[in-house]
Each structure stands twice: as structure tokens, then as C-alpha cells.
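Structural overview for review
So the chains spell out like this:
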Amino acid sequence: MPFQETDTAAPTSQPLIDKASLTKEPLAKELSDNSSFDFTALTDTSQLPQPTLPPLTQAIYKSYAEDFIVNEILLNTFTGEGEHLWLHMQKMGMNTAFLAKLLSEWADIPLRDVGYSGLKDRHALTTQWFSLRIPKKQLPPTDFAPTDLGDNESVQILAQHWHNKKLNRGAHRANQFIITLRDIKFESDTDSLLAEQQQLLEQHLQHMSQNGVPNYFGPQRFGHGGNNIKEALRLFSRPPQRIKDNGKRKRAPREQNTMALSAARSLIFNEILAARVRDGSWNQGLAGEVFNLEGSGSIFASEQIDDTLRARLAEGDIHPTGVLWGIDNDKVSGGAAKLEEDIVQQSPLLTQLATGLEQRDIKAQQRALRLPIEEMTWDWVNEQTLVLRFSLPTGSFATSVLASLVQNLQMQSAQPIPCK
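Residues numbered from 1 in each chain as written. Predicted model: local features only at pLDDT ≥ 70, side-chain atom pairs only at ≥ 80, totals over all residues. Heavy atoms only, no water.

The next point concerns the overall build of the chain. Looking only at helices and strands, one finds nine helices and 18 strands in the chain. Pairs at least 24 residues apart make up 81% of the contacts formed inside the chain by residues separated by at least 6 positions. Total accessible area on the chain stands at roughly 19,900 Å², and carbon and sulfur atoms take up 48% of it. (Helix = DSSP H or I, 4+ residues; strand = E, 2+ residues; numbered from the N terminus. Contact = heavy atoms within 4.5 Å. Areas by Shrake-Rupley, 256 points an atom, 1.4 Å probe, with all protein chains shown as cover.)

It is worth spelling out the side chain of Ser266 at this point. Along the chain, Ser266 turns up in helix α5 (residues 258-279). Its relative accessible area of 1% is what places Ser266 among the buried residues. At a separation of 3.1 Å, a polar atom in the side chain of Ser266 contacts the side chain of Arg221. At a separation of 2.7 Å, a polar atom in the side chain of Ser266 contacts the main-chain carbonyl oxygen of Ser262. When neighbours within four sequence positions are excluded, Ser266 is seen to be in contact with Phe217, Arg221 and Phe222. (Buried < 20%, exposed > 50% of the residue type's maximum accessible area, 1.4 Å probe, protein only. Polar contact = N/O pair within 3.5 Å; in protein donor to acceptor, adjacent residues only side chain to side chain.)

Let us look at the sheet that holds strand β12 (residues 299-302). If you trace the four strands from one edge of the open sheet to the other, you get β12-β11-β13-β14, paired in antiparallel fashion. Each having just a single partner strand, β12 and β14 (365-368) make up the two edges of the open sheet. Here the strands of the sheet are splayed against their neighbours by 45° on average, with no regard to which way each runs. In this structure, strand β13 (residues 318-324) lies alongside β14, joined through four bridges in antiparallel fashion. For Val323, the partnering residue across the bridge sits in β14 and is Gln366. Here α5 sits on the sheet and contacts β11 (289-293), β13 and β14; the angle it forms with β13, its principal contact strand, is near 135°. (Pairing = 2+ DSSP bridges. Axes fitted to C-alpha atoms, helices over the stretch in contact; angles between N-to-C directions.)

Another aspect to go through is the nonpolar core. Membership of the largest hydrophobic core comes to 40 residues, with the highest contact counts inside it found for Phe236, Ile268, Leu353 and Leu357. Sorting the residues of this core by element identifies α1 (39-42), α4 (227-236), α5, β13, α7 (334-345) and α8 (348-359) as the ones contributing at least two each. In contact with Ile268, not counting residues within four places along its chain, are Trp325, Val344, Leu350, Leu353, Ala354 and Leu357. With 29 residues, the next largest nonpolar core counts Phe186, Met208, Leu392 and Leu402 among its residues. (Core = buried A, V, L, I, M, F, W, Y, C linked by side-chain atoms within 4.5 Å.)

Moving on to the packing of aromatic side chains. Taken as a whole and assessed by the stated rule, the structure comprises eleven aromatic pairs. Aromatic pair Phe37 and Phe39: ring centres 5.8 Å apart, planes at 70°, arrangement edge-to-face. Since its relative accessible area comes to 9%, Phe39 is described here as buried. Lying across the ring of Phe217, Arg367 places its NZ or CZ 3.8 Å from the centre. (Phe/Tyr/Trp six-rings, centres within 6.5 Å; stacked < 30°, edge-to-face > 60°. Lys NZ or Arg CZ within 6 Å of the ring centre and 35° of its normal.)

The next point concerns α4. An α-helix turns once per 3.6 residues; consequently, residues spaced three or four apart project the same way. Burial in α4 covers these residues: Asn228, Ile229, Ala232, Leu233, Leu235 and Phe236. In a view along the axis of α4, the buried residues occupy a sector of 160°, so they form one face of it. Looking at the buried positions of α4, the neighbouring elements they touch are α1, α5 and α8. (Arc of directions from axis to C-beta.)

On to the environment of Asn227. Mapping Asn227 onto the fold places it in helix α4. Judged by its relative accessible area of 37%, Asn227 falls in the partly exposed class. On a C-alpha basis, the gap between Asn227 and Thr40 in space is 8.5 Å, while along the polypeptide they are 187 residues apart. Those residues in contact with Asn227, other than ones at most four positions away along the chain, are Phe222 and Arg234.

Confidence in the prediction of the chain, expressed as mean pLDDT, is 86, and 85% of residues score 70 or more. When mean pLDDT is compared element by element in the chain, strand β8 (residues 213-214) scores highest at 98, while strand β10 (residues 249-251) scores lowest at 51. Counting contacts from residues 4-32, a segment whose pLDDT is below 50, to residues more than four positions away or on other chains yields 66 contacts. This model gives residues 414-420 a pLDDT under 50, and the stretch forms 33 contacts once residues within four places in sequence are excluded. (pLDDT = per-residue confidence, 0-100.)

Moving on, we come to the side chain of Thr45. On the secondary structure map, Thr45 appears in the loop between α1 and β1 (56-61). Of the residues examined, Thr45 reaches a relative accessible area of 14% and is grouped as buried.

A negative phi angle characterises most non-glycine residues, just as the trans form characterises most peptide bonds. Of note in this structure, Asp183 is not a glycine but carries a positive phi near 50°. Tracing the sequence through the fold places Asp183 in strand β7 (residues 174-185). The class of Asp183 is partly exposed, set by a relative accessible area of 36%. Even without glycine at this site, Asp328 takes up a positive phi of about 60°.

A few words on α7. A rise of 1.5 Å per residue sets the reference length of α7, with its twelve residues, at 16 Å; its end C-alpha atoms lie 16 Å apart and thus fit the reference within 8%. Listed as buried for α7 are Ala336, Ala337, Leu339, Glu340, Ile343 and Val344. The arc that holds every buried residue of α7, seen down its axis, measures 160°, which confines them to one face. Exposed and oriented more than 90 degrees from the buried face of α7 are Lys338 and Gln345. (Expected span 1.5 Å × (residues − 1).)

So, in C-alpha cells, the structure goes:
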């Protein structure tokens with residue numbers, strides 16, 4: 001669907017809501033002493049600003065595993081030959097890495113020969129693909145049927161195909177979500193207003209479907225209490241090792257703790273996006289902007305925003321981007337570059353993270369500021385239970401969609417892991 005172009009980020013007359021200002025001081029006021037940082041508050045993505053006030057004051061999700069269903073969408077044509085056995089798996093109560101280990105033990109192959117595209121939630125009902133490199137196609141003598149699973153754990157093979165290539169990370173196109181929200185609460189619980197409030201909620205859902213939502217990284221990226229950011233700071237407190245590159249120069253070796261590095265970039269990105277939501281430019285573009293072409297990894301820069309770009313933005317053909325911090329960040333310029341630099345320079349914490357990333361030769365990348373939502377539908381189970389269905393591109397978070405819908409989103413079970 002086309003994106004509706006507006007003069008500001010807000011689609012209605014409601015004021016721009018900056019929930020972060022209600023709960024914490026700006027990052028720029030944090031002290032440089034790491035012990036002074038409130039990592040829990042700094043990584044609480046529920047407090048990030050939204051373009052408009054979410055219509056639901058409260059809702060609960062993940063009361064049951066079946067309340068959070070994730071189906072991996074993989075567009076692939078199998079050759080029917082080769083030594084890689086691709087398995088379409090349905091699992092519940094276990095994470096992707098654990099299932100990969102079970103499969104490697106069953107097939108008696110090294111764990112490195114088990115491929116998968118993305119991580120899927122443990123506390124959910126999920127389907128995804130795995131590939132197993134099995135030389136000479138010598139299958140195990142017994143069917144895959146683990147016997148030592150817990151009461152809430154289950155796994156089964158839905159389909160299998162032979163293929164000539166391993167399944168690599170990030171190969172799937174999208175993820176489909178079916179999410180049940182329970183114990184829904186509106187601003188007013190008056191029965192006479194319920195029908196009107198449900199109608200306003202559905203209008204908000206329709207607007208989200210047409211216009212997208214801020215593409216924040218979800219809380220699962222930062223670990224419990226912001227532990228991944230703490231780990232990044234510990235990593236950056238040590239001088240980077242250097243190795244020779246073809247005898248000409250020294251470069252930093254590839255770090256092992258990729259989750260800490262990813263969390264550092266994600267926090268910087270979220271703060272940049274939050275600033276763009278506040279000033280209304282997250283879906284409009286700035287001078288010097290780098291744009292992402294919808295449905296691809298292609299990007300291009302523009303020093304000025306003209307009518308052609310505005311039309312493409314409104315149609316959802318392109319999206320403004322923010323930097324995933326690193327070296328060689330030379331694509332963005334003008335006002336867009338200044339905004340990003342100011343956000344980092346005004347925060348002692350973000351400055352430390354940015355410096356650490358640069359010292360380790362992490363190369364800058366771009367990420368879309370706007371998250372398009374595909375095939376969104378909804379159904380009311382009863383007055384307090386709503387089922388949402390939608391698809392998101394690889395690398396985005398369903399929690400970003402829910403945050404634009406619910407002011408106080410409560411999780412009944414444990415924290416979800418990201419859709420990568």
C-alpha cells in the first residue's frame with residue numbers, strides 16, 4: 001500500500017509523544033563514569049518516542065506460546081540434489097541454537113555444518129528452515145525424535161528437500177507474525193465508549209499498515225538490563241589488537257563478541273531514530289539523506305529533497321535511513337549527517353560506543369528508519385483480546401509494531417529474542 005505523506009510525523013491531531021522524557025534524563029546528561037549509567041533505563045525501548053500516542057494503554061502478550069507465532073518466509077527453489085538436507089522445522093520452548101545442536105547430534109555432523117537463516121523465539125510457536133551437510137546423503141538410521149525434551153518443549157519436521165547449497169544467515173525474505181494481545185485496556189473502560197474506542201484502534205492499525213512505524217531495534221538486542229551494552233563497554237575499554245593486512249597496514253581483527261558490537265550500533269541507531277521521530281523527519285527525509293530502496297539492500301544519497309523524492313517517500317518506494325555506526329561513514333552529508341554527529345557527540349555513552357566501534361574498524365552501514373508492515377489484518381476474539389497478523393522484512397522487530405500500538409506492553413513469560 002502507498003505511504004500517506006504528511007507535513008509532520010503525526011498522522012492525526014494528537015501531539016507528538018516522547019515517552020522517554022517522562023522516565024529518564026537525556027543521554028547527554030549522563031556522566032562519563034560507566035558506573036553512573038542506568039543501563040536498564042537507557043535500553044528500555046518501550047520509552048522511545050512514537051509519532052502518535054498509541055491507542056491502547058495496556059495489553060499483555062505471550063501469555064501462551066501460541067500467542068506469539070513466527071513463520072519464516074523463505075523463497076527458495078530446491079535442486080533435489082546435492083549433500084545439504086533442508087528441513088522445515090516447527091518448534092516450541094527451545095531457541096534456534098539449541099535445535100541446531102540437536103540436529104548436529106542426530107546427524108552426527110559438526111555444528112558448523114548446520115545452517116539456519118535467523119534466530120527464532122524460544123517462548124513462541126515458530127517455523128524455520130535448517131540445512132544439514134550430509135556427505136553421500138547417508139541419513140541417520142533413526143528418525144529425528146528427541147526424547148529428553150522438557151514438558152513445554154516440542155519439535156517436528158514439516159518438510160525436507162535435498163539442495164546443493166548450505167542455508168546461510170539472513171537468507172529468508174521476511175517473517176510472518178500471528179500475535180494475540182490479551183487484557184486490552186483503553187483510556188476509558190466505559191462500556192458505552194467501547195465500540196468507539198475499538199473503531200479508533202482499527203483506524204490506527206490501518207494507518208500503521210499504510211505508513212509503517214519507526215524501525216527501532218527491540219529490547220532483546222540489548223540483553224537483560226542492558227548487559228550487552230555493558231559488555232561492549234568492557235570490550236572497548238581494552239586496546240584493540242592489530243594484525244597485519246597483506247604486510248601493508250595493521251587492522252583490527254574480527255571481534256568474537258558480535259552481539260556486544262551489534263548492541264552498541266543498535267543503541268546509537270535507536271537514539272538517532274528517536275531524534276528523527278521527535279522532529280518529524282523519520283519518514284520525510286533530510287538534506288544529505290541516504291535512502292533505502294524498498295525490498296532491497298540498495299541505497300543512494302541525495303543532497304536535496306525534491307518533489308520526486310517526496311513522491312517516492314509517500315508511495316513507500318524509498319525510506320530514509322540512519323547509520324549503523326562505524327568507519328567510512330561518508331555517504332550521508334548535510335543536515336542528516338549533522339544530526340547524527342550531534343546525537344553522538346552530546347552523549348558520553350554514545351561517544352564511547354562510537355569510538356570503540358571505529359577503533360575496531362567496524363564499517364558503517366545504513367538501516368531504514370521506517371519499518372513497512374505487510375499484509376496486516378486483525379480479528380477480535382472478544383472485547384479484551386485481539387489477534388494481529390502481519391509480515392515484516394528480515395532484521396526487523398515485531399516489538400516495534402506493538403510499541404506503536406500499546407503504551408504499556410506487558411510480557412507474561414520471558415523476553416523474546418529478535419527476528420533476524
